[in-house]
Amino acid sequence: MRRILLIDDDERLAAPLATYLRRAEFQLDAAARPSEGLAMLRRGHYDAAILDVMLPEMDGFALCREIRRESDIPIVMLTARGEVMDRVVGLELGADDYLPKPFEPRELLARLTTILRRARTADPPAGARRLAFEGLEIDLDRREARRHGELLELTGTEFELLALLAREPAKVFTREQILERLRGQSAEDLYTRAVDILVSRLRRKLEPLDCIKTLRNVGYAFTGSRG
């Protein structure tokens, strides 16, 4: 059974959500305070975390940043409906997805299933389990990327984006295609913006390598040279 940690100070949310997710073989544990949630993450194994933005002690953004210093666990942020900037900031800090409140448990389950599927090792085509480029090596089995031999700290979504682009160098992927491959959903304006944020995050981690090219009004392509 996959274990999910909810960090939200709304005491009415955890119990009914835990009951719903248990039907899909998810075990939901809950913490009302960030300090408690961090302690639980450090103490036991969790497959994903759900963070509310509005929390005591520290907000969800600071909590997401703290978690990212220690772990690449998939993170879903819960944001106030209509607060577009909350969602953008959460994605910039390393969250894998976001969900506006109030939400349907069915949609949360779908989001969790998608990011957990991305986090599991994909079965790459034969002969393509290790991709080597000048200054960059991508191990698809171990889900690791190394820049000049240094292991990069990538989230599951960042690794999936890198692997998607690097498997087909020079191929241009539109933002809509990237969303469909990574998320399995059709694009909306904010979702398209999420791709730009994700690419920007990945580029910063790849620096000084410059191997992701932007084609204006079209999309992105991997331009690394084979090693």
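Every residue gets a number counted from 1 within its own chain, in the order that chain's sequence is written. It should be noted that, the model being predicted, local features are given only for residues of pLDDT at least 70 and side-chain atom pairs only at 80 or more, the latter also being counted only at that level, while totals for whole chains, interfaces and linings use all residues. The side-chain numbers reported here are obtained from all heavy atoms of the structure, hydrogens and water having been left aside.

## Observations concerning the packing of aromatic side chains
Right, on to step 1. For Phe, Tyr and Trp, rings pair up if their centres lie within 6.5 Å, where Trp contributes its six-membered ring, and each pair is then called stacked (planes under 30 degrees apart), edge-to-face (over 60) or tilted (otherwise). Under the criterion given, the structure shown has 1 aromatic pair.
Right, on to step 2. Its end group placed over the ring of Y46, R3 keeps NZ or CZ at 4.2 Å from the ring centre. Either the NZ atom of lysine or the CZ atom of arginine qualifies as a charge over a ring when it sits within 6 Å of the ring centre and within 35 degrees of the ring normal.

## Comments concerning unusual backbone geometry
A negative phi angle characterises most non-glycine residues, just as the trans form characterises most peptide bonds.
Right, on to step 1. The amide bond that connects K101 to the next residue, P102, takes the cis arrangement and shows omega of -10°.
Right, on to step 2. Residue P208 is bonded to the preceding E207 through a cis peptide linkage, with omega at 10°.
Right, on to step 3. Secondary structure elements are defined from DSSP: runs of H or I of at least 4 residues count as helices, runs of E of at least 2 residues count as strands, and each element is numbered from the N terminus. Structurally, P208 is set in the loop between α8 (189–206) and β11 (212–215).
Right, on to step 4. For E25, which is not a glycine, the phi torsion comes out positive at approximately 65°.
Right, on to step 5. Along the chain, the position of E25 falls in the loop between α1 (11–22) and β2 (26–31).
Right, on to step 6. In this structure, H148 is a non-glycine residue whose phi angle is positive, near 50°.

## Here we look at empty space enclosed by the protein
Right, on to step 1. Using protein atoms alone on a 1 Å grid, points that fit a 1.4 Å probe yet trap it form a cavity, whereas open point sets bounded by protein on both sides within 12 Å along at least five of seven lines form a pocket; residues with an atom within 4 Å of a point count as lining. Grid points are joined across faces, edges and corners, and a volume is the space filled by probe spheres set on the points. Going through the model one piece at a time under the given rule, you end up with 3 cavities of 30 Å³ or more.
Right, on to step 2. Of the pockets and cavities examined, the largest cavity occupies roughly 200 Å³.
Right, on to step 3. Lining the largest cavity are 16 residues, and of these D96, T157, L179, A194 and L198 lie nearest its centre.
Right, on to step 4. Where the lining of the largest cavity is concerned, the elements lending two or more residues are β5 (97–101), α7 (175–182) and α8.
Right, on to step 5. When residues of the lining of the largest cavity are assigned to their parent elements, the largest contribution, 5 residues, is made by α8.
Right, on to step 6. Split into classes, the residues belonging to the lining of the largest cavity amount to 10 nonpolar, 1 polar and 5 charged. Any residue outside Ala, Val, Leu, Ile, Met, Phe, Trp, Tyr, Cys, Pro, Asp, Glu, Lys and Arg is labelled polar, Gly included; the first ten of those are nonpolar and the last four are charged.

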